[in-house]
Amino acid sequence: MGFDALLNALLEVASGGGILYLLAGVMFGLCFGVIPGLGGTTALALLIPVTFGMESLDAMYLAGGVMGATSFGGSITAILLNTPGTAPNAATTFDGYPLAQQGKAGLAIGASACASAMGGLIGLFTLIIFIPVAKEIVLSFGPAEFFLLTVLGLTAIAVSVRGKLLRGLIAGVIGLCFAFVGSDAITGDLRFTGGINYLWDGIPLVPTLTGMFAISQMMELALKGGSVSGGGSEPAIKMKISGVWQGVISVFKNWDVLLRGSLIGTLIGAIPGLGGTVASFLAYSSTVQTDKDPDSYGKGNIRGVIAPESANNAKDGGSLIPTVAFGIPGSAETALFLGILVLHGIDPGPTMLLYNEREIYGLIVAITFAAVGASLLGLIFSRFLVLITRVDVGIVVPTVIAISLTGVYVLDGRMADVLLTVIMGLLGYLMIRFDYPRLTLVIALVLGETAEKSFHQLQLISDGQALQFMLARPVSVILIVATIITFFLPIARKMLASHRKKAA
Amino acid sequence: MKHTIKAGVLLMAAAFAGPALADYPEDGSITFVIPYSAGGGFDTIVRAFAPEVEKALGATVVPENISGASGTRGGQSVARAKADGYTIGIYNVPGLNVAETLDRDLGFSLKDVTWIANLAESKYAIAVKSDSPIQSVKDLCDLGRPIKLSDTGKDSTSSIAAVIAFNIMDCPIINVTGYGGSNDTMIAVMRGEVDATLKPISSLKKYTDSGDLRLIATMTEDTAVEGIPTTTELGYPELAKFGLNRVVGGPPNMPEDIVVKLTAAFKAASESASVTEWAAGSGTELLFMDSAATKVMMDDLGTFYEQYKAMLQ
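By convention here, each chain's residues receive numbers from 1 onward along its written sequence. Think of it this way: whatever chain is written first is A, whatever ligand is written first is 1, and the rest follow in order. A pLDDT threshold of at least 70 governs which residues receive local features in this predicted model, and a stricter bar of 80 or more applies before side-chain atom pairs are shown or counted, although totals over entire chains, interfaces and linings include all residues.

### Overview of the overall build of chain A
Logical step 1: Strands are runs of DSSP state E lasting at least 2 residues, helices are runs of H or I lasting at least 4, and numbering of each runs from the N terminus. Of regular secondary structure, chain A possesses 23 helices and 2 strands.
Logical step 2: For the radius of gyration, the atoms used are the C-alpha atoms, and the globule rule reads 2.2 Å times the number of residues raised to 0.38. Its C-alpha atoms give chain A a radius of gyration of 22 Å, within 12% of the compact-globule value 23 Å for 504 residues.
Logical step 3: In this scheme the burial state of a residue depends on its C-beta neighbours within 10 Å: 20 or more other such atoms mean buried, 12 or fewer mean exposed, and anything in between means partly exposed; the C-beta positions come from the backbone. Burial status across chain A gives 60% buried among its 504 residues.
Logical step 4: Here the analysis covers contacts within chain A between residues at least 6 apart in sequence; of these, 79% occur between residues at least 24 apart. What counts as a contact here is a pair of residues whose C-beta atoms, placed from the backbone, lie within 7 Å.

Right, dumping it as structure tokens:
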């Protein structure tokens, strides 16, 4: 039944004006993805009122186009400027930017485009396979599992910051402290708000991310001068723009990374509240951990681009699992997508797959086409995009700062958001200067809120017997084991290595 | 050249003088403030009504989302606007009434709002998992331990209703809050981590239709769902007072004639084919009240929640 509906949806997108809406969505999503501070959430939020007069299926194509295209768009600036266009691309900067600095931006963009498209396809394929059991999957993830997933994520922080463990932990703790600001999700008590109303809802994510990644990086660039690939004031003349196809091929050569990244992306995507940033970060850190040569990462290893990029596109498929099962959003984007459905008189819920199969499969097809289409467009334009790294920072910096601050303002129309972005930018710059990892702070901020809330819920529903409660649930047990492995694997490996050295 | 300048000046003068001269709502557009972001329940009802109100008034209606601070930011911006009928808003009722009862600073006073109309109302029901052994409210109260309920936030209207309602029925509860949305609270019941949930009948309907949840009582005066007892029948008539209303209002001291025009436009819209069709599709229970009836209801709600002030603090 699922594949029949899929074929019908394919037919429908091909006929009529659907494809135009899809293309419009892809272009819109690509632009919003490229610009730091603007992302899929902003794009969809701005589009919601526009879709009101549209046919519901056309609205799906538009939304799907945006959702599928933003994450690849964001990887372009992540690679070229060390500034992730959207939050989930943050992990792409680790190896993407070093590649760009070495003049291999084409290789990185090629790999990112291909990994995005393939990740998107794998994510949606997984979704279609799991639609019949979507309900069971969602029901097996309760507060206990959410809490354990955040613990797993936090453990991955500790082990991902290779060689800078203490700095990584400090950044993580700052992130957790930030996560506690605002009213308690359960009791409603206000904490650390300092009498500022703005902080009641906590420290908002988008301004934090934009400040941490876009503004701080622009400060760094401005003070350094020259251009990205030029290093100092010397213009880079001999930079090669070729290598795009090598990048595409590299994805298939590293199919294990692609597959793992996609599956992690799909799983994390299905968990409400975690989202693409955590998905791509976990995909990256697990790839580094399981690699034979973990020290080659962070210096321009192409596998470090493939892992996060496949994960952040696969998460779109995953985030639709709770949506088709119960009408609950798996990500901020799907929340807005559900808003579009509501606007069209469709009530998100368990009966959606029965009554609104057309719209759901329309969206699936749209996201698939968008993921592939955006990557193709990206490949076509990559030759020109790479030139950004040669543009003088005197032009790049003010442009990016102006656009990203505007983007932050547009989302909610609050000047305080802009102020917070600047403050986070300063903090981010200090972190760059003193060599503290910024992404760990952000990941801890994202995870901290879910961790605290689900732990509190877990305490309430288990009558204070949290451990017993978790041990009785199979999914919880699997997650506990995974966390222990994540924590001890690097230590065990280190001990093994030193043991071998001694033996030799 | 000279003439063009003169004409231009005249034109500008006419443009600026326009608003003062024209008859409401002939010039310009009406801003309809939604205190929550696009795509939510408040947003949706406004966007469903807007085109029909437009037709009835003959003026453009522009929905504007001003979200933040639990719906108070939008209310503040309406309260600050000119009382000329070109800015109106939708209000979170009874969320704002409760906040005001608890002496929270809304940045404006509900008593000053010019009430224009009530558009819709939903009543609550109590639901359990469909295969749960609990068959009635009595079974639920006789569990021998505090009942676990699921909710989004401690300040949410359904959570407030649950705290008061179960207190009236004399059943101790643990309200597990922090769920992402009302759908998540119902899924928590299906997962079995909580015993029951108290939610609007219209939101519960999709899960009772799909066979995942079962109602044990509706908090209404008359039977709302066939075969399900009402709390009034169970001997708790005051529980039927709880509900969720979609109320339209404007800045303080709006001129009477403008209010009359707006009320009439909303009445026409609520009777229009497109709105009733939308309501049927989305499970919205339309309930039109004119400005006088809305004002009475709002005052009543204030006194109603006042008596439970101690319980809510």
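Right, picking up where we left off after that structure.
### Overview of the overall build of chain B
Logical step 1: Within chain B one finds 12 helices and 11 strands.
Logical step 2: Each principal axis of the C-alpha atoms in chain B carries an extent, and together these give about 90 × 40 × 30 Å.
Logical step 3: Here chain B holds 313 residues, and 49% of them are scored as buried.
Logical step 4: Long-range pairs, those at least 24 residues apart, make up 74% of the contacts in chain B with a sequence separation of at least 6.

### Brief notes about the interface of chain B and chain A
Logical step 1: Across the boundary between the two partners, chain B contributes 35 residues, which contact 36 residues of chain A.
Logical step 2: Top element by residues in the side of chain B that touches chain A is helix α7 (residues 182-191) of chain B. It accounts for 5 residues.
Logical step 3: Looking at side-chain class alone, the side of chain B that touches chain A contains 9 nonpolar, 16 polar and 10 charged residues. Residues are grouped as follows: Ala, Val, Leu, Ile, Met, Phe, Trp, Tyr, Cys and Pro are nonpolar; Asp, Glu, Lys and Arg are charged; all remaining types, including Gly, are polar.

### A look at unusual backbone geometry
Logical step 1: Note the cis peptide between Val-93 of chain B and Pro-94 of chain B, where omega equals 10°.
Logical step 2: Tracing the backbone shows Pro-94 of chain B in the loop between β3 (87-93) and α4 (95-101).
Logical step 3: In the Ramachandran plot, Asp-435 of chain A falls in the positive-phi region, its phi being about 60° despite a non-glycine side chain.
Logical step 4: For Asp-435 of chain A, the position within the fold is in the loop between α20 (415-433) and α21 (438-461).
Logical step 5: For Asp-435 of chain A, a count of 8 C-beta atoms within 10 Å puts it in the exposed group.
Logical step 6: Here Asp-463 of chain A, not a glycine, exhibits a phi torsion of approximately 55°, which is positive.
Logical step 7: With respect to the helices and strands, Asp-463 of chain A occurs in the loop between α21 and α22 (466-471).

### Describing α7 of chain B
Logical step 1: Within α7 of chain B, 9 of the 10 residues are buried, leaving the element largely enclosed by the surrounding structure.
Logical step 2: Within α7 of chain B, the full set of buried residues consists of Ser-182, Asn-183, Asp-184, Thr-185, Met-186, Ile-187, Ala-188, Val-189 and Met-190 of chain B.

### A few points about the sheet that holds strand β2 (residues 61-65) of chain B
Residue and element names in this part refer to chain B.
Logical step 1: One requirement defines pairing of two strands: DSSP has to find at least two bridges between them. Pairing is mixed in the open sheet, where 6 strands are placed in the order β2-β1-β3-β10-β4-β11. The open sheet has two edge strands, β2 and β11 (286-289), and neither has a second partner. On average, each strand axis in the sheet is tilted by 25° relative to the strand beside it, whichever way the strands run.
Logical step 2: Looking at chain direction, strand β4 (residues 114-122) and β11 are connected through 2 bridges and run antiparallel. In the strand pairing of β11, Asn-118 is matched with Met-289. Lines fitted to C-alpha atoms define the axes, with helix axes restricted to the stretch in contact, and inter-axis angles between N-to-C directions lie between 0 and 180 degrees.

### Some thoughts on the packing of helix α10 (residues 205-224) of chain A against helix α19 (residues 393-412) of chain A
How two helices pack is summed up by the angle between their axes together with the distance between the axes.
Residue and element names in this part refer to chain A.
Logical step 1: Orientation of α10 relative to α19, taken along the N-to-C sense of each, is 170°, at an axis distance of 9 Å. With respect to α19, the element α10 is oriented roughly antiparallel. As for how α10 packs across α19, the hand of that crossing is left-handed. Residue-level inspection shows Val-206, Pro-207, Thr-210, Ala-214, Ile-215, Met-218, Leu-221 and Ala-222 of α10 in contact with α19, the latter providing Val-393, Val-396, Val-397, Val-400, Ile-401, Ser-404, Val-408 and Leu-411. Every angle not falling under 35 degrees, over 145, or within 65 to 115 is termed oblique; those three ranges are roughly parallel, roughly antiparallel and roughly perpendicular. We call a crossing left-handed when the near helix sits turned anticlockwise from the far one by less than a right angle, and right-handed when that turn is clockwise.

### A short note on the nonpolar core
Logical step 1: One finds Ala-63, Ile-79, Ala-366 and Ala-370 of chain A together with Ala-127 of chain B to be the most contacted residues of the largest nonpolar core, which totals 246 residues.
Logical step 2: At 15 residues, helix α4 (residues 56-81) of chain A tops the list of elements feeding residues into this core.
Logical step 3: Aside from chain neighbours lying at most four places away, what touches Ile-79 of chain A is Thr-92, Gly-96, Tyr-97, Leu-99, Ala-100, Ala-105, Ala-108, Ile-109 and Ser-112 of chain A. In plain words, the nonpolar core is the set of buried Ala, Val, Leu, Ile, Met, Phe, Trp, Tyr and Cys residues that C-beta atoms within 7 Å link up.

### A few points about the pairing of strand β9 (residues 213-218) of chain B
All names here are of chain B.
Logical step 1: Among the 6 residues in β9, 5 count as buried, and that is most of the element.
Logical step 2: Taken together, the 5 bridges between strand β5 (residues 124-129) and β9 define a ladder with antiparallel strand orientation. Each bridged residue has a counterpart across the sheet, and for Val-128 the counterpart in β9 is Arg-214.

### Some details on the confidence of the model for chain A
When pLDDT is low, close inspection of the predicted coordinates is not appropriate.
All names here are of chain A.
Logical step 1: Residues with a pLDDT of 70 or more make up 96% of chain A, whose mean pLDDT is 85.
Logical step 2: When mean pLDDT is taken per element in chain A, α20 scores highest with 95 and helix α17 (residues 352-355) scores lowest with 74.
Logical step 3: Taken as a whole, residues 232-238 scores under 50 in pLDDT and shows 10 contacts with residues more than four places along the chain or in a different chain. Think of pLDDT as the predictor's per-residue confidence, scored from 0 to 100.

### Section: the pairing of β3 of chain B
All names here are of chain B.
Logical step 1: Most of β3 sits out of view: 7 of its 7 residues are buried.
Logical step 2: A two-sided burial pattern is seen for β3, the buried positions comprising Thr-87, Gly-89, Tyr-91 and Val-93 on one face and Ile-88, Ile-90 and Asn-92 on the other.
Logical step 3: In this structure, strand β1 (residues 30-34) lies alongside β3, joined through 3 bridges in parallel fashion. Residue pairing in the sheet places Phe-32 in a bridge with Ile-88 of β3.
Logical step 4: Summarising the sheet, β3 and strand β10 (residues 244-250) pair through 5 bridges and their orientation is antiparallel.

### Quick word on helix α16 (residues 332-343) of chain A
Note: α-helices contain 3.6 residues per turn, so residues at a spacing of three or four share the same orientation.
Residue and element names in this part refer to chain A.
Logical step 1: The length a helix should cover is 1.5 Å for every residue beyond the first. With 12 residues, α16 should reach 16 Å at 1.5 Å per residue; the first-to-last C-alpha distance of 17 Å fits that figure.
Logical step 2: When you tally the buried positions in α16, you get 12 out of 12 residues, the bulk of the element.
Logical step 3: Of the residues making up α16, those classed as buried are Ala-332, Glu-333, Thr-334, Ala-335, Leu-336, Phe-337, Leu-338, Gly-339, Ile-340, Leu-341, Val-342 and Leu-343.
Logical step 4: Where α16 terminates, the next one or two residues include Gly-345, which has phi positive at roughly 75°.

### Structural notes on the packing of helix α6 (residues 105-130) of chain A against helix α14 (residues 303-319) of chain A
Residues and elements named next belong to chain A.
Logical step 1: Relative to each other, α6 and α14 sit at 30°, their axes nearing to 7 Å. Taken as a pair, α6 and α14 cross one another with a handedness that is right-handed.
Logical step 2: Among the residues forming the contact of α6 with α14, the class breakdown is 11 nonpolar, 10 polar and 3 charged.

### With respect to the confidence of the model for chain B
Residues and elements named next belong to chain B.
Logical step 1: For chain B, per-residue confidence averages 87 on the pLDDT scale, and residues scoring 70 or more make up 93% of the total.
Logical step 2: The model gives residues 14-21 a pLDDT under 50, and that stretch makes 3 contacts with residues more than four places away or in other chains.
Logical step 3: Predicted complex, confidence summary: ipTM 0.81, pTM 0.83.

### Examining the environment of Val-372 of chain A
Residue and element names in this part refer to chain A.
Logical step 1: Looking at where Val-372 falls in the secondary structure, it is placed in helix α18 (residues 357-385).
Logical step 2: On the basis of neighbour counts, which here come to 20 C-beta atoms within 10 Å, the residue Val-372 falls in the buried class.
Logical step 3: Excluding residues within four positions of it along the chain, Val-372 makes contact with Ala-117 and Gly-120.

### Considering the environment of Val-251 of chain A
Residue and element names in this part refer to chain A.
Logical step 1: With respect to the helices and strands, Val-251 occurs in helix α11 (residues 244-253).
Logical step 2: The buried category is assigned to Val-251, around which 26 C-beta atoms lie within 10 Å.
Logical step 3: Separated by 42 residues in sequence, Val-251 and Leu-209 have C-alpha atoms that sit 28 Å apart.
Logical step 4: The residues contacting Val-251, other than those within four sequence positions of it, are Ala-111, Cys-114, Ala-115, Met-118, Leu-258 and Ile-306.

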